[in-house]
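Per-entry structural report
Letter by letter, the chains look like this.
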Amino acid sequence: MTPAGRRVVHVAAVARNGVIGHGPDIPWRIPGEQRRFKELTWGHVLLMGRTTYDSIGRPLPGRTTVVLTRDEAWSADGVLVAHDLDEALALADAHEDPAAQLMVAGGAQVYAATFPVADEQLISEVHLEPEGDVHYPAFDRGAWREVSREPAEGYDVVRWERLAG
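Residues numbered from 1 in each chain as written. Predicted model: local features only at pLDDT ≥ 70, side-chain atom pairs only at ≥ 80, totals over all residues. Heavy atoms only, no water.

Considerations on a negative patch on the surface
Note the threshold: Patch building starts from residues that exceed 30% relative accessible area and form no salt bridge, then joins like charges within 9 Å and nonpolar side chains (Val, Leu, Ile, Met, Phe, Trp, Tyr) within 5 Å. Residue burial considers only the protein chains on display, and all accessible areas are found by Shrake-Rupley using a 1.4 Å probe. We define a salt bridge as a contact between a side-chain nitrogen of Lys or Arg and a carboxyl oxygen of Asp or Glu at a distance within 4 Å. His is not counted, nor are the chain ends, whereas Lys and Arg count as positive and Asp and Glu as negative. Note that the charge is assigned to NZ on lysines, CZ on arginines, CG on aspartates and CD on glutamates. Labels follow the DSSP assignment, with helices taken as runs of H or I lasting at least four residues and strands as runs of E lasting at least two, numbered in each case from the N terminus.
A grouping of Asp71, Glu72, Asp84, Asp86 and Glu87 is seen on the molecular surface, where their side chains present a negatively charged patch. On the secondary structure map, aspartate 84 appears in the loop between β5 (80–82) and α3 (85–93).

Right, here's the structure in full:
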């Protein structure tokens, strides 16, 4: 959770081999998977790194977008910019809707940085092993509990919750 108690949720599509990207691209197109991402993140605060943002090229509608970058000069219309994780968490906590969650959308460095504060993971486990150079960070599965698994065409939707303690 963020300092003010907002839930932090990783949302990712991860191939069997851990790949989440190939350069700036997602190395697959699965009908319905991106629609699911939109439904999950709509109305929430979306946190992503600058490279992920640049690959999308615009703020996504219906979501407040926070871009995490070390580049002090970087900016983009329609997004909030944070230069470290604490600043990103504070921007999320300032969101006007107290029910909005902080949905972490990548890339790998942002997922890794937010794992210590993440409460939940919503992972599309993609039934492929594509080539790629960006991987979802390994995590201690003993610290997480798989609470649901829903099969879909070409992937499974898996929800993990952090164990207390």
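Here the narrative resumes.
Quick notes on the packing of aromatic side chains
Spelled out, the test is: Two rings from Phe, Tyr or Trp (for Trp, the six-membered ring) form a pair when their centres sit within 6.5 Å of each other. Planes less than 30 degrees apart are called stacked, planes more than 60 degrees apart edge-to-face, and all others tilted. Residue exposure (1.4 Å probe, protein chains only): buried if accessible area is under 20% of the type maximum, exposed if over 50%, otherwise partly exposed.
Inspection of every chain in the model, using the stated rule, returns eight aromatic pairs. Summarising the aromatic geometry, the rings of phenylalanine 139 and tryptophan 160 are spaced 5.5 Å apart at their centres and angled 80 degrees between planes, so their arrangement reads as edge-to-face. With phenylalanine 139 in the loop between β8 (134–135) and β9 (144–152) and tryptophan 160 in strand β10 (residues 155–162), this residue pair connects regions lying 21 residues apart in the sequence. Pair check on accessibility: phenylalanine 139 and tryptophan 160 agree, each one buried. Three or more aromatic residues joined by ring pairs make a cluster, and in this case those are Tyr111, Phe115, Tyr136, Phe139, Trp144 and Trp160.

Some remarks on the sheet that holds β10
Here is the rule we go by: Strand pairing is assigned whenever DSSP identifies at least 2 bridges connecting the two strands. All axes are obtained by fitting lines to C-alpha atoms, using only the stretch in contact for helices, and the reported angles, taken between N-to-C directions, cover 0 to 180 degrees.
Taken in spatial order, the eight strands of this open sheet run β5-β4-β3-β6-β1-β7-β10-β9, and their pairing is mixed. Each of the sheet's edge strands pairs with one partner strand only, and the pair in question is β5 and β9. The average angle at which neighbouring strand axes cross in this sheet is 25 degrees, direction not considered. Here three bridges tie strand β3 (residues 45–49) to strand β6 (residues 102–104), and the two strands are oriented parallel to one another. Counterpart to valine 45 in the pairing with β6 is leucine 102.

Some thoughts on the side chain of histidine 10
Selection criterion: N or O atoms within 3.5 Å of each other form a polar contact, as long as, within protein, one can give a hydrogen and the other can take it, and as long as residues adjacent in sequence are counted only when both atoms are side-chain atoms. Any two residues whose heavy atoms approach within 4.5 Å at even a single point are treated as in contact.
With respect to the helices, strands and loops of the structure, histidine 10 is situated in strand β1 (residues 8–15). Among the polar contacts listed, one links the side chain of histidine 10 to the side chain of tyrosine 136, at a separation of 2.9 Å. Setting aside chain neighbours within four positions, we find histidine 10 in contact with Val104, Tyr111, Thr114, Phe115, Ala118, Glu120, Gln121, Leu122 and Tyr136.

Comments concerning the pairing of β9
In this structure, β9 lies alongside β10, joined through eight bridges in antiparallel fashion. By the bridge assignment for β10, glutamate 150 is matched with valine 157. In textbook terms, the turn of a hairpin is the stretch between consecutive antiparallel strands, and for β9 and β10 this stretch comprises two residues, one of which, glycine 154, has a positive phi near 90 degrees.

Comments concerning the pattern of salt bridges
This model, assessed by the stated rule, comprises nine salt bridges. Residue arginine 50 pairs with aspartate 54 through a salt bridge whose shortest N-O separation is 2.6 Å. Placement of the pair is arginine 50 and aspartate 54 together in helix α2 (residues 50–56), with a separation of four residues, close to one helical turn. By relative accessible area, which is 30% here, arginine 50 ends up partly exposed. On the basis of relative accessibility, which here comes to 39%, the residue aspartate 54 falls in the partly exposed class. Of the charged contacts, one joins glutamate 146 and arginine 149 as a salt bridge, the two residues approaching to 2.9 Å between their closest N and O atoms. Connected through salt bridges with shared partners, the residues Arg7, Glu120, Arg145, Arg159 and Glu161 form a single ionic network.

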